[in-house]
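# Coordinates in review
Listed below, chain by chain, are the residues.
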Amino acid sequence: MRLIGPAAIALAALLAVAPAPASAETAADFYKGKTVTLIAGFPPGGGYDTYVRVLARHYGRFLPGQPSVIASNMPGAGSLTAANNIYAKYAPDGLALAMFASSAAMEPLVGNKSALFEPTKFSWIGSMSQDVAYCGAWQHPGGATTFDEMLTKETIIGGGAPAAITYQHPMVLKNVLKANFKVIQGYKGTRDINLAMQRGEVNGTCGMFGSSINSQFGAEVKDGRMKLFIQMGSRRSNTFGKIPSVFDYAKTDQDRAILQFHFGQLLLGRPLAGPPGIPADRLAALRTALFATMKDPQFLAEAGKAGLDIDPVTPDQVMTLLKQFASFSPAILVKAKEAMGR
């Protein structure tokens, strides 16, 4: 209908005084004045906790709107508790992220019904490092000092919950490479295992990353009180000298595939993720801020003092790796599960 005369004049006047549509809220608008929480899936004092706390002191400077950033802990089930909670119980608003073990992220692939998430659906921010893990033994009188000796001589290893690499790694060495390990599980975190090892309750520990060794056992490794006897990861490191790799002991293609499933995931050394469905602009901002932080001189200086290895992994690399793991044959996944003693 065409308006003419007074009606047209009235409509024109109404449009002239009507407010313009509100512009869409930007990521900077959203984050300004808010607080972002970074959750470590392990107790205070360990490696994951240190990474999260150092990150929290710098991350906010690179987020739009410069929100406050705080660190917290949600230990339990080898960080599976944190993974489950960030996936399903936190709003997908970009205000809460969690760092949990790469082994926890793989739990759905081996049929763990307690893992209440799909790994590829997390809002992956990236990883702060690509890790190589080690097993080490405290040098008690009469104890084995090399992995070759441990193939026949019993060595007691302290481990965490079934989803933690401190439990999974020695079990894989026991069941795939036939190490004569007695694995004692149930320690809450690496700090408790380390104390037990020093008290002589256990002989050794597995699942130690280079940063944890530097920060907690640098002097002991240097003077020989602790001996690192094997390394695990898709790449080798000579940081602590020439230490044999688990892949040196694989005898069959099946062994190598099982080891790749368990130790290739160390590419995700310190992964950071949020709930599924974080708005695209905020997710992009979170990712950009993480990698800007990883290059920041102030952050790198503090990370260096804390003994943290910084070797970031992009979200695309994370997704590529997860898809590779999902493509393993059902037979290999069954064997990988059996390797953990399940």
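Throughout what follows, the structure given in this document is the object of discussion. (Residues numbered from 1 in each chain as written. Predicted model: local features only at pLDDT ≥ 70, side-chain atom pairs only at ≥ 80, totals over all residues. Heavy atoms only, no water.)

Now for the sheet that holds strand β4 (residues 123–127). Sheet strands associate in pairs through backbone hydrogen bonding, adopting either a parallel or an antiparallel arrangement. Pairing is mixed across the open sheet formed by five strands, whose spatial order is β2-β1-β3-β10-β4. Each end of this open sheet is capped by a strand with a single partner; those strands are β2 (68–73) and β4. Between one strand axis and the next, the sheet turns through 25° on average, direction left out of account. Sheet topology note: the strand β1 (residues 35–40)/β2 ladder contains six bridges and is parallel. Considered in β2, the bridge of L38 is made with A71. Helix α4 (residues 80–88) contacts β1, β3 (96–99) and β10 (271–274) of the sheet and is inclined by roughly 155° relative to β3. (Pairing = 2+ DSSP bridges. Helix = DSSP H or I, 4+ residues; strand = E, 2+ residues; numbered from the N terminus. Axes fitted to C-alpha atoms, helices over the stretch in contact; angles between N-to-C directions. Contact = heavy atoms within 4.5 Å.)

What the rule picks out here adds up to one cavity of 30 Å³ or more. Its boundaries defined by the atoms lining it, the largest cavity holds a volume of some 30 Å³. Considering the residues around the largest cavity, the lining is formed by S103, M106, E107, V110, Q168, F261, H262, Q265 and M340. When the residues that make up the lining of the largest cavity are grouped by side-chain class, the tally is four nonpolar, four polar and one charged. (1 Å grid on protein atoms, 1.4 Å probe; cavity = no way out; pocket = protein on both sides within 12 Å on 5 of 7 lines; lining within 4 Å. Points joined across faces, edges and corners; volume = space filled by probe spheres on them. Nonpolar A, V, L, I, M, F, W, Y, C, P; charged D, E, K, R; others polar.)

Next up on the list: helix α12 (residues 297–305). The α-helix winds at 3.6 residues per turn, so residues separated by three or four positions along the chain end up facing the same way. If you check the start of α12, you find a side-chain oxygen 3.3 Å away from the backbone N of Q298, and it comes from D296. Following α12 by one or two positions, G307 adopts a phi angle in the positive range, close to 75°. (Polar contact = N/O pair within 3.5 Å; in protein donor to acceptor, adjacent residues only side chain to side chain.)

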